[in-house]
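Breakdown of the fold
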2 protein chains.
Amino acid sequence: MSVIRQDPTTKEWVIIATERAKRPDQFKREQSPTDLPPHQASCPFCPGNETLTPPEILRLPPDEHENWNVRGIPNKYAALTGSGEAARRETGALFREMDGVGAHEVIVETPLHNQRMALMADSQVERILTACHMRYCALEKDSRIKSIIIFKNHGERAGTSLEHPHIQLVAAPVAPMLMRRKHDVAITHYDDTGRCLYCDLVAAELDARIRILFETDGFVVFHPYASRLPFETWITPRRMQPSFSQISPEDLRELASVLRKTLHGLDVALNNPHFNFVIHSAPLGDHQHEYYLWHIQILPRLTTIAGFELGSGIFINTMLPEESAAFLRKYCS
Amino acid sequence: MSVIRQDPTTKEWVIIATERAKRPDQFKREQSPTDLPPHQASCPFCPGNETLTPPEILRLPPDEHENWNVRGIPNKYAALTGSGEAARRETGALFREMDGVGAHEVIVETPLHNQRMALMADSQVERILTACHMRYCALEKDSRIKSIIIFKNHGERAGTSLEHPHIQLVAAPVAPMLMRRKHDVAITHYDDTGRCLYCDLVAAELDARIRILFETDGFVVFHPYASRLPFETWITPRRMQPSFSQISPEDLRELASVLRKTLHGLDVALNNPHFNFVIHSAPLGDHQHEYYLWHIQILPRLTTIAGFELGSGIFINTMLPEESAAFLRKYCS
């Protein structure tokens, strides 16, 4: 019989139905292309093609020379853009809209067309996260912005359109319902207990031990109790930081190593799977409290999101997180 | 510049960014297989293979003879099953689960392996919807069940695993957060205005006229103001029925024709696209009120759900519903 579990951070349910399960290693079949060249003449993110992108926002290292490691640029096909006011317009009582103001940026992770994050040096991942952090901190100064989502699409099934490794930031003039929900659930927990929900959750996972992949001084990596997808993986800091903008340089360095090691484990165990990851922070302006903790969710795209998931919001997962964690733990040591 | 619109039924935002848009007819490229045989020896849903499925729940026409038109059976790989109590178990304060009690059923739409709903006779679609309605009404009598979702996955990108046309019902002992949310938003609207949100919405769409595909005595078909996906299509009844279980036989007959005509329009315009549809009803037990209206959402799977959508819940749509409706309207006449 299957089991229905509640995600303590959203209160949403997931159904974990292992009757139709595969063994962990059977998820290996689908993979992203691995035969890419290190440089592709037509790729706008490859060195030499810098003029094909909109004007650069940042470059690491920041000096003038051509050998950049990481670039930050606006998305050429931006979902949200630049100037203008974030004023609502209403047509009748029900139709509410606003101009698409905000930002949609790209962090080009590496000059190498074919170097995926799982296989990079920790120092390169640190540069990438530093670039993300710099842009997050710059964008949150804009008073029109209410939320910033940092995310990565790796592989076609994860929605990537350019294969050159890159991360995206979307800064929106609204807070998504899901972000509000997560924040509200955390506030309710804080009101009930006086403690941060995510700190309690990490403590409970460490206590249970069965879903932990590994831990470091600053971070805990685990498969959450109510995993929506097979091999869903969360990285949670131990230090109280509601927003990713608050991370210290030391923790950022440690995070780079933790993220790289986690992605490397998934990469080896599942043979370069398609995946998304998302850095969740509190809504902007809600950073000075003790009830939220930014965190990373890695979402391997090994299964298809079907009508039930889209229509109900409840995911049907075919693997217990205890099983996937036991399998993946071997690859994260 | 893009536009950010709020879905009046969930209060969630969508970003409609037409900069990277295709023209409506460019979505035509991907299609489901059209070269299927009418009968496949290995298919558990094809006539002659009835013993390959779990014991039948219903058959239309209901008499004994072998020439069935529609069959209802339990899903062989059910996400939720049969007997047992829907009692919650808690491990510590954060880990809450329950046995996967409920039901997960399949309606086999036709004996023909290759006959898709868009191309069926209205009378066959009516039989299918009658079977869905009979099972909904039977399942809602179980006091453990709190929600029933009826959905269809057509095509691999929509998550189908068996190509023989079928619909699924999941009856769950919990109400999904999304269902609660939609219901709560409708109640708030009712408290504010004294009217049903969905009735007001349909009236506003009919007034605006620019997103309507067509209307009949009993139903209105339109592309919603805050469409999450290109060609997202809603079918809404005009008569006050919070639950699909409350539909009359006459309305069911009309709905069959409306649904078939809508799917046929999408099928011709987009060349047999992959899609999901979902019948949304109120949570069970909340059927006797005037603030909710069951409705069908058809979700073509022409684009990939990527990290931003999964991480924020906000969809980036590349097509204005006014444009898709103007294009599709021609195919629904």
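Treat the numbers as computed from the prediction; the structure is a model and nothing was measured.

**With respect to the overall build of chain A**
Within chain A, the regular secondary structure consists of six helices and 15 strands. Taking 2.2 N^0.38 as the reference for a compact globule, 333 residues should give roughly 20 Å; the C-alpha atoms of chain A span a radius of gyration of 20 Å, in line with that estimate. Principal-axis analysis of the C-alpha atoms gives chain A an extent of 55 × 55 × 40 Å. With 333 residues in all, chain A has 52% of them scored as buried.

**Here we look at the interface of chain B and chain A**
Chain B puts 60 residues into the contact, and the matching count from chain A is 60 residues. Sheet analysis places strand E6 (residues 95-99) of chain A next to strand E1 (residues 3-6) of chain B, joined by four bridges and oriented antiparallel. Bridged to A:Arg96 within E1(B) is B:Gln6.

**Points about the sheet that holds E1(B)**
Across the sheet, five strands lie side by side as E5(A)-E6(A)-E1(B)-E2(B)-E15(B); this open sheet has mixed pairing. This sheet does not close on itself; its edge strands, each paired only once, are strand E5 (88-91) of chain A together with strand E15 (315-317) of chain B. Within this sheet the neighbouring strands show an average axis-to-axis angle of 30°, counted without direction. Pairing of E1(B) with strand E2 (residues 13-16) of chain B involves four bridges; the strand directions are antiparallel. When the bridges of E2(B) are listed, B:Ile4 appears paired with B:Ile15.

**Concerning the sheet that holds strand E1 (residues 3-6) of chain A**
With mixed pairing, five strands are arranged side by side in an open sheet as E15(A)-E2(A)-E1(A)-E6(B)-E5(B). A strand with exactly one partner marks an edge of an open sheet, and here the two such strands are strand E15 (315-317) of chain A together with strand E5 (88-91) of chain B. The average angle at which neighbouring strand axes cross in this sheet is 30°, direction not considered. Strand direction decides the pairing type here: strand E2 (residues 13-16) of chain A and E15(A), joined by three bridges, are parallel. Across the sheet, residue A:Ile15 finds its bridge partner in E15(A), namely A:Ile316.

**Some thoughts on helix H4 (residues 249-270) of chain B**
Between its first and last C-alpha, H4(B) extends 31 Å over 22 residues, near the 32 Å set by a 1.5 Å rise per residue. Residue B:Asn271 follows H4(B) closely and has a positive phi angle near 65°.

**Quick notes on the relation of the copies chain B and chain A**
Two copies of a chain can be linked by a rotation about an axis combined with a shift along that same axis. Of the two same-sequence chains, chain B is brought onto chain A (RMSD 0.0 Å, axial shift 0.0 Å) by a rotation of 180°. The relationship between the two copies is best expressed as a two-fold rotation axis. Among all residues of chain B, the minimum C-alpha distance to the rotation axis is found for B:Ile305, at 4.2 Å. Of the interface residues in chain B, 100% have counterparts in chain A that sit at the interface too, so the contact is made through matching surfaces.

**So, the packing of helix H1 (residues 122-139) of chain A against helix H4 (residues 249-270) of chain A**
Residues and elements named next belong to chain A. Look at H1 against H4: their axes get within 8 Å of each other, and the N-to-C directions meet at 120°. By the angle class used here, H1 and H4 are oblique. Here the hand of the crossing between H1 and H4 comes out right-handed. Facing H1, whose interface residues are Asp 122, Val 125, Glu 126, Leu 129, Thr 130 and His 133, H4 presents Leu 252, Arg 253, Leu 255, Ala 256, Ser 257, Leu 259 and Arg 260. Taken together, the residues of the contact of H1 with H4 break down into six nonpolar, three polar and four charged.

**Observations regarding the confidence of the model for chain A**
Of the residues in chain A, 97% have a pLDDT of 70 or more, and the chain-wide mean is 93. With a pTM of 0.95, the predicted complex shows an ipTM of 0.94.

**Section: helix H3 (residues 197-208) of chain B**
All names here are of chain B. Compared with an ideal rise of 1.5 Å per residue, which puts 12 residues at 16 Å, H3 spans 16 Å between its outermost C-alpha atoms and is within 8% of the ideal. Taken as a whole, H3 has its buried residues at Leu 197, Tyr 198, Leu 201, Val 202 and Glu 205. Summarising the axial view, the buried residues of H3 lie within an arc of 130°, below the 170-degree limit, and thus occupy one face. Buried residues along H3 sit in contact with helix H2 (177-193), strand E10 (212-215), strand E11 (219-222), strand E12 (233-237) and strand E14 (295-300). A positive backbone phi angle near 75° is found at Arg 209, which sits one or two residues after H3.

**What to know about the nonpolar core**
Among the nonpolar cores identified, the biggest contains 195 residues, and A:Ile150 and B:Ile150 are the most heavily contacted of them. Contact partners of B:Ile150, with chain neighbours within four places excluded, come to B:Cys132, B:Tyr136, B:Ile167, B:Leu169, B:Phe244 and B:Ile279.

**Quick word on unusual backbone geometry**
At the junction of A:Leu60 and A:Pro61, the peptide bond is cis and its omega measures out at -10° in the coordinates. Summarising the element assignment, A:Pro61 is placed in the loop between strand E3 (58-60) and strand E4 (70-74). In this structure, B:Lys11 takes a positive phi of about 70° despite not being glycine. Tracing the sequence through the fold places B:Lys11 in the loop between E1 and E2. Of note, the phi angle at B:Phe231 is positive, near 70°, even though the residue is not glycine. Relative to the helices and strands, B:Phe231 resides in the loop between E11 and E12. Given 26 C-beta atoms within a 10 Å radius, B:Phe231 is considered buried.

Each value, and the rule that gives it
Residues numbered from 1 in each chain as written. Chains lettered and ligands numbered in written order. Predicted model: local features only at pLDDT ≥ 70, side-chain atom pairs only at ≥ 80, totals over all residues. Helix = DSSP H or I, 4+ residues; strand = E, 2+ residues; numbered from the N terminus. Rg over C-alpha atoms; globule rule 2.2 N^0.38 Å. Buried ≥ 20, exposed ≤ 12 C-beta atoms within 10 Å, placed from the backbone. Contact = placed C-beta atoms within 7 Å. Pairing = 2+ DSSP bridges. Axes fitted to C-alpha atoms, helices over the stretch in contact; angles between N-to-C directions. Expected span 1.5 Å × (residues − 1). Least-squares fit on C-alpha atoms with pLDDT ≥ 70 in both. Parallel < 35°, antiparallel > 145°, perpendicular 65-115°, else oblique. Left-handed = near helix turned anticlockwise from the far one by under 90°. Nonpolar A, V, L, I, M, F, W, Y, C, P; charged D, E, K, R; others polar. pLDDT = per-residue confidence, 0-100. Arc of directions from axis to C-beta. Core = buried A, V, L, I, M, F, W, Y, C linked by C-beta atoms within 7 Å.

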